[in-house]
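Understanding the architecture of this molecule
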Amino acid sequence: MSENTSARESLSRTPSWIMLGFVIGCIVSLSVKKQIESRAAAEAIRQNAAQGAAPTPTPTPTPVPQIHHATLNELEAVFVRWQSHAVWRNDLTEVAFWNPLTNQYNEYVEILRSGEDFYFRNITHLTRPLSHDDIPHDAPLRFTDPEERVRYDSIFVTPSS
């Protein structure tokens, strides 16, 4: 039996040297950049000291007030409790939820009803007027009326006797 062995060609080492040169170049450029930045900071300190001024402290950032948004579970729990007061139009209603940080009803949500399921979507403003139905004044949400109902109420005003 004769063994057929082919001579394996040796791979070129050029790509390895190129990669090594690239890595060394990156390391050198990073170290030079750090030296330049440290020299510039030292020069600024020397100039301030020569002028007799104390080094200026870095200003502390002012904290940004956090905006409170109720979670989906909170919205759903509140809505399920008060849903009997909702006025639906094409299985849609809009609700303004109470925001404890601003002490206003300014979290606006559109609710889609599909059978027994509700789907919530945040909106920037209400497109319907708020309802003035018999809902307690301390309720955590306010409902809206469909536009037709408001027009009907404003056109046909019953005279008081």
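Refer to the structure printed above.
Because the structure is predicted, anything quoted here is derived from the model rather than measured.

Evaluation of the coordinates by the stated rule reveals three salt bridges. Of the charged contacts, one joins Glu43 and Arg46 as a salt bridge, the two residues approaching to 2.9 Å between their closest N and O atoms. Of this pair, Glu43 and Arg46 are both found in helix H1 (residues 14-50), three residues apart, which corresponds to roughly one turn of the helix. Looking at Arg46, the relative accessible area reads 51%, which means it is exposed. Linking Asp91 and Arg113 is a salt bridge whose minimum nitrogen-to-oxygen distance equals 3.0 Å.

What follows covers the pairing of strand E3 (residues 117-123). Pairing between strand E2 (residues 104-114) and E3: seven bridges, direction antiparallel. Residue pairing across strands places Ile111 opposite Phe120, the latter belonging to E3. Counting the residues in the hairpin turn of E2 and E3 gives two residues, including Gly115, whose phi is positive at 70°.

Our focus in this paragraph is the nonpolar core. Core analysis: the biggest nonpolar cluster contains 15 residues, and Phe79, Val95, Phe97, Ile111, Leu141 and Phe143 have the highest contact counts within it. Where this core is concerned, the elements lending two or more residues are helix H2 (72-82), strand E1 (92-99), E2, E3 and strand E4 (141-143). Element by element, the count of residues in this core is highest for H2, at three residues. Setting aside residues no more than four positions away along its own chain, Leu141 makes contact with Val78, Phe79, Trp82, Val95, Ala96, Phe97, Tyr105 and Ile135.

Cut-offs used in this document
Residues numbered from 1 in each chain as written. Predicted model: local features only at pLDDT ≥ 70, side-chain atom pairs only at ≥ 80, totals over all residues. Heavy atoms only, no water. Salt bridge = Lys/Arg side-chain N within 4 Å of Asp/Glu carboxyl O. Helix = DSSP H or I, 4+ residues; strand = E, 2+ residues; numbered from the N terminus. Buried < 20%, exposed > 50% of the residue type's maximum accessible area, 1.4 Å probe, protein only. Pairing = 2+ DSSP bridges. Core = buried A, V, L, I, M, F, W, Y, C linked by side-chain atoms within 4.5 Å. Contact = heavy atoms within 4.5 Å.

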